[in-house]
Amino acid sequence: MAAESEFDEEEEPSFSDPEDFVDDIDDEELLEDVLRERPLEADGIASVVVVDNVPQVGPERLEKLKNVIHKIFSKFGKITNEFYPEVAGTTKGYIFLEYASPNQALEAVKNADGYKLDKQHTFRVNLFTDFDKYGNMRHWFEDPDCRDQYSVIYESGERTAIFSNDPKEPILVEERARWTETYVRWSPKGTYLATFHQRGIALWGGEKFKQIQRFSHQGVSLIDFSPCERYVVTFSPLMDTKEDPQAIIIWDILTGQKKRGFHCESSAHWPIFKWSQDGKFFARMTQDTLSIYETPIRHKKSLKISGIKDFSWSPGDNIIAFWVPEDKDIPARVTLMQFPSRLEIRVRNLFNVVDYKLHWQRQGDYLCVKVDRTPRGTQGVVTNFEIFRRREKQVPVDVVEMKESIIAFAWEPNGSKFAVLHGESPRINASFYHVKSNGKIDLIKMFDKQQANSIFWSPHGQFMVLAGLRSMNGALAFVDTSDCTIMYIAEHYMASDVEWDPTGRYVVTSVSWWSHKVDNAYWLWTFQGRLLQKNNKDRFCQLPWSPCPPTLLSQEQIKVFLILTGDLEGPQEQKDRLSQSKVSKELVDKSRLMMEEYRRYKDSAIQLYNQQRELRLQLRGGVVTDELDSNVEDWEEETIEFFISEEIINLGDLE
């Protein structure tokens with residue numbers, strides 16, 4: 001008892017830190033074993049790998065493919081989940097595999113990346129979390145002001161810069177010295193920027209334009225991309241032997257591997273290989289033969305076509321148009337053939353042909369065959385435009401005859417109009433035609449005495465620039481083809497190039513050092529012809545815009561979206577007007593704050609008004625008077641007259 005009493009009387013120990021105590025032990029050191037097991041943000045995806053360049057197969061071969069994949073990748077750990085994306089019953093060429101742990105996924109990347117399954121398939125393996133390893137490849141889409149990008153080469157090629165377009169002034173994104181040795185080229189969807197070097201091609205991309213891929217091709221001078229951006233074709237006049245054809249090389253962009261090399265008899269017409277719109281086929285023309293290859297590059301289908309002189313893929317379908325000139329009593333003909341079935345869907349015979357050219361409308365709805373003919377019994381050359389209506393049954397053909405020499409022809413990209421420059425300087429005419437659904441082609445307008453030798457349609461149609469480049473001193477006419485009016489006439493002296501931005505809101509005219517050694521600059525205009533900027537660059541050479549991938553929405557879906565959002569004009573047009581206005585930024589900010597303050601007051605007033613509804617009903621005896629037309633049946637009409645003044649005039653005073 002004495003011991004217990006003694007214990008109870010002891011002072012209770014204090015566990016508080018002294019006032020001057022400093023805690024210098026962090027959680028990582030104190031709870032290392034506990035924190036090691038904490039869930040991470042990447043848990044669930046850190047164990048996932050993406051395998052690209054996998055064979056594309058149908059249902060009949062899918063199970064076999066899965067067995068092969070599982071055998072290869074199960075060496076690195078336990079696969080807990082696998083996903084094979086498909087479209088129309090065929091795998092897409094890439095798969096997702098999930099391992100039991102992130103370490104196993106990392107082992108798969110280290111050991112299976114570059115694994116050669118067969119001659120056509122070399123795996124590219126990445127962690128799912130490495131999606132942005134090189135930065136977001138389409139980062140400019142996240143710009144809240146929807147600015148497009150373009151590249152500029154100046155100082156005679158010594159410097160290359162990337163700018164974001166802004167109506168006030170360009171915004172520099174990246175600039176480097178000797179980035180390319182000749183020129184640059186954007187890929188069709190704007191994902192990559194290609195630069196040229198003596199030893200080959202380099203591809204750059206992402207927010208900081210890091211190097212994505214390299215292709216070694218000594219003396220390379222020309223390149224071409226497949227529309228799907230999966231392949232790039234390079235040409236070098238230096239590298240070619242009978243044993244190892246290397247003049248033309250087709251590369252796999254993802255793996256960087258050479259897919260196949262080809263000899264080149266002549267590079268006068270580049271690109272030598274022409275791609276189908278989906279990138280599944282590419283073709284080249286040799287003596288009396290049209291060779292068509294299928295991707296992945298494994299099959300070759302040759303068509304024996306005696307005398308073939310030209311061919312062109314439809315931009316909208318896997319249809320090829322090819323041209324065969326006259327041979328003695330056999331007429332010239334143009335043929336539309338479907339692939340891979342090789343079905344001839346239309347053949348058109350033509351006589352007395354001197355020259356020809358194939359022009360597809362961007363959607364593949366129409367094909368224009370420009371035919372120069374010498375009709376029997378007449379002198380001189382007559383030009384016919386043979387218009388094939390590709391989407392209609394049996395592909396009917398309409399003819400427009402032009403008796404003057406043709407300077408330029410161009411389809412409206414997304415419409416059914418086309419423009420023609422014809423005549424002789426100084427009497428050059430610009431004619432606009434409309435292909436109607438009733439089988440007629442109407443001349444809707446002709447402008448005479450135009451200083452123009454080139455036609456540049458806006459990417460979305462309706463608007464265009466008629467330009468007199470180089471020898472015509474840079475005359476410019478901005479045209480709205482909806483009612484065929486010239487919105488503005490201007491001049492950029494000695495302009496050598498015209499480039500529309502991908503949205504069709506802006507257009508650039510420029511004087512390239514490659515064409516003219518003085519006044520090198522590029523000017524930015526609105527689509528209506530209002531000059532926004534004059535950018536002088538020392539020995540300016542080239543300005544190509546970065547393309548945008550096509551929208552996944554149809555025109556009807558876009559219209560519905562704008563209607564539902566109550567914005568038929570579109571938010572970007574509003575931003576354009578705001579950025580181009582002369583109002584100071586301070587005044588705009590002040591107006592915005594005043595509007596926000598008004599909206600807050602309005603919302604509070606409405607809230608108070610609704611809260612006092614019951615009180616109003618009580619004060620008014622239950623009668624609802626909130627609306628102007630409430631209780632109309634109880635209204636009484638009363639006319640009240642007010643006496644203003646009276647003035648008496650003596651008639652005698654008027655005599």
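The structure displayed is predicted, hence computed values, not measured ones.

Which residues make up the overall build of the protein chain, and what values do they have?
Across its full length, the protein chain holds nine helices and 41 strands. For the protein chain, the residues scored as buried account for 43% of the 655 residues in total. For the protein chain, contacts bridging at least 24 residues in sequence account for 44% of all contacts bridging at least 6. On the protein chain, roughly 39,200 Å² of surface is accessible, and the fraction owed to carbon and sulfur atoms is 50%.

Please provide a residue-by-residue account of helix H5 (residues 102-112), values included.
Taken together, the buried positions of H5 are Ala 105, Ala 108, Val 109 and Ala 112. Projected onto a plane normal to the axis of H5, the buried residues spread over an arc of 100° and lie on a single side. Opposite its buried face, H5 presents the exposed residues Asn 103 and Lys 110, each directed more than 90 degrees away. On its buried face, H5 is in contact with strand S1 (48-52), helix H4 (59-73), strand S5 (94-99) and strand S6 (124-127). Directly after H5, the chain includes Gly 114, whose backbone phi takes a positive value near 95°.

Talk me through the packing of aromatic side chains; I want residue IDs and the actual numbers.
Under the defined criterion, the tally for this structure stands at 38 aromatic pairs. A ring pair is formed by Trp 179 and Phe 209, whose centres lie 6.1 Å apart and whose planes are at 85°; its orientation type is edge-to-face. Highlighted residues: Trp 179 in the loop between strand S9 (171-177) and strand S10 (184-186) and Phe 209 in the loop between strand S12 (200-205) and strand S13 (210-216), separated in sequence by 30 residues. A relative accessible area of 4% places Trp 179 in the buried class. Given a relative accessible area of 3%, Phe 209 falls into the buried group. Measuring from ring centre to ring centre gives 6.2 Å for Phe 281 and Trp 313, while their planes differ by 15°; the resulting arrangement is stacked.

Could you give me a rundown of the environment of Tyr 493, with the residues and numbers involved?
In this structure, Tyr 493 sits in the loop between strand S37 (485-491) and strand S38 (497-500). Distance from Tyr 493 to Ser 510, taken between C-alpha atoms, is 9.2 Å for residues 17 residues apart in sequence. Discounting residues that sit within four places of it in the chain, Tyr 493 has contacts with Asn 473, Val 511 and Asp 519.

Any details on the sheet that holds S13? Residues and values, ideally.
Across a sheet, paired strands are connected by hydrogen bonds in the backbone, their directions being either parallel or antiparallel. Taken together, the four strands give an open sheet; going across it, the order is S10-S11-S12-S13, and neighbouring strands pair in antiparallel fashion. Each end of this open sheet is capped by a strand with a single partner; those strands are S10 and S13. Mean inter-strand twist for the sheet, computed between neighbouring axes without regard to direction, equals 25°.

I'd like a rundown of the environment of Thr 160, residues and numbers included.
You can see Thr 160 is positioned in strand S8 (residues 159-164). Taking the relative accessible area as the measure of exposure, Thr 160 reaches 0% and is therefore buried. In this structure, the C-alpha to C-alpha distance between Thr 160 and Glu 175, residues 15 residues apart in sequence, is 5.8 Å. Residue contacts for Thr 160: discarding those within four places in its chain leaves Val 152, Ile 153, Glu 174, Glu 175, Arg 176, Trp 179, Thr 180 and Val 184.

How would you summarise unusual backbone geometry if you had to cite specific residues and measurements?
Looking along the chain, the bond that leaves Trp 270 and enters Pro 271 is cis, with omega of 5°. Residue position: Pro 271 is located in the loop between strand S17 (258-262) and strand S18 (274-275). Positive phi values are uncommon outside glycine, yet Phe 209 reaches one of about 50°. With a phi close to 50°, Lys 449 is a non-glycine residue in the positive phi region. Within the fold, Lys 449 resides in the loop between strand S33 (441-447) and strand S34 (454-457). For Lys 449, a relative accessible area of 55% puts it in the exposed group.

Which residues make up the pairing of strand S19 (residues 281-286), and what values go with them?
Look at any regular strand and the pattern is simple: side chains alternate between the two faces of the sheet. In terms of strand pairing, S18 meets S19 through two bridges, oriented antiparallel. Across the sheet, Trp 275 pairs through a bridge with Phe 282, a residue of S19. Between the antiparallel neighbours S18 and S19 lie five residues, among them Gly 279 with a positive phi of about 80°. Counted along the chain from S19 to the antiparallel partner strand S20 (residues 289-294), the turn is two residues long, and its residue Asp 288 has a positive phi close to 60°.

Requested: an account of the pattern of salt bridges, with residues and values cited.
Where charged atoms from two side chains of opposite charge come close, those side chains can pair. All chains considered together, the criterion is met by 20 salt bridges. For Glu 174, the salt bridge goes to Arg 176, with nearest N and O atoms at 3.3 Å. On the basis of relative accessibility, which here comes to 18%, the residue Glu 174 falls in the buried class. Between Asp 398 and Arg 389 there is a salt bridge, and its shortest N-O distance comes to 2.5 Å. Arg 389 carries the same exposure label as Asp 398, and that label is buried. Taken together, the shared-partner salt bridges connect Asp 143, Asp 145, Arg 147 and Asp 166 into one network.

Run through the sheet that holds strand S25 (residues 343-350), naming residues and quoting values.
Spatially, the four strands line up as an open sheet ordered S22-S23-S24-S25, and their pairing is antiparallel. What marks the edges here is a single partner per strand, and that holds for strand S22 (310-313) and S25. Strand-to-strand twist across the sheet, computed as the mean angle between neighbouring axes with direction ignored, equals 15°. Strand direction decides the pairing type here: S22 and strand S23 (residues 319-324), joined by four bridges, are antiparallel.

Talk me through H4; I want residue IDs and the actual numbers.
Compared with an ideal rise of 1.5 Å per residue, which puts 15 residues at 21 Å, H4 spans 21 Å between its outermost C-alpha atoms and is within 8% of the ideal. Leu 62, Leu 65, Ile 69, Ile 72 and Phe 73 are the residues of H4 that are buried. For H4, the arc enclosing every buried residue in end-on projection is 95°, short of the 170-degree limit, so these residues lie on one face. Structural note: H4 exposes Glu 60, Glu 63, Lys 64 and Lys 71 on the side pointing more than 90 degrees away from its buried face.

Break down the pairing of strand S14 (residues 222-225) for me, with residues and values.
In this structure, S14 lies alongside strand S15 (residues 231-235), joined through four bridges in antiparallel fashion. Looking at S15, one finds that Leu 222 is bridged to Phe 235.

Cut-off values and rules
The residue numbers shown here count from 1 along each chain, following its written sequence. Where local features are concerned, this predicted model is filtered to residues with pLDDT of at least 70; where side-chain atom pairs are given and counted, the filter is 80 or more; whole-chain, interface and lining totals use all residues. Derived side-chain values reflect all non-hydrogen atoms in the structure, with water molecules and hydrogen atoms excluded from consideration. Helix and strand labels come from DSSP, where a helix needs a run of H or I of at least four residues and a strand needs a run of E of at least two; each type is numbered from the N terminus. Only protein chains enter the calculation, and the probe is 1.4 Å; a residue is then buried if its accessible area is under 20% of its type maximum, exposed if over 50%, and partly exposed in between. Any pair of residues with heavy atoms lying within 4.5 Å of one another is described as a contacting pair. Surface accessibility in these figures is a Shrake-Rupley result with a 1.4 Å probe; residues are shielded only by whichever protein chains are displayed. An arc is given here, and it is the one of the directions from the helix axis to the C-beta atoms. The rule is short: rings of Phe, Tyr and Trp, with Trp giving its six-membered ring, pair when the centres are within 6.5 Å, and they are stacked under 30 degrees, edge-to-face over 60, tilted in between. Two strands pair if DSSP finds at least two bridges between them. Axes here refer to lines fitted to C-alpha atoms; in helices the fit is confined to the stretch in contact. Angles between the N-to-C directions go from 0 to 180 degrees. Each reported salt bridge corresponds to a side-chain nitrogen of Lys or Arg within 4 Å of a carboxyl oxygen of Asp or Glu. Helix span is expected to be 1.5 Å times the residue number reduced by one.

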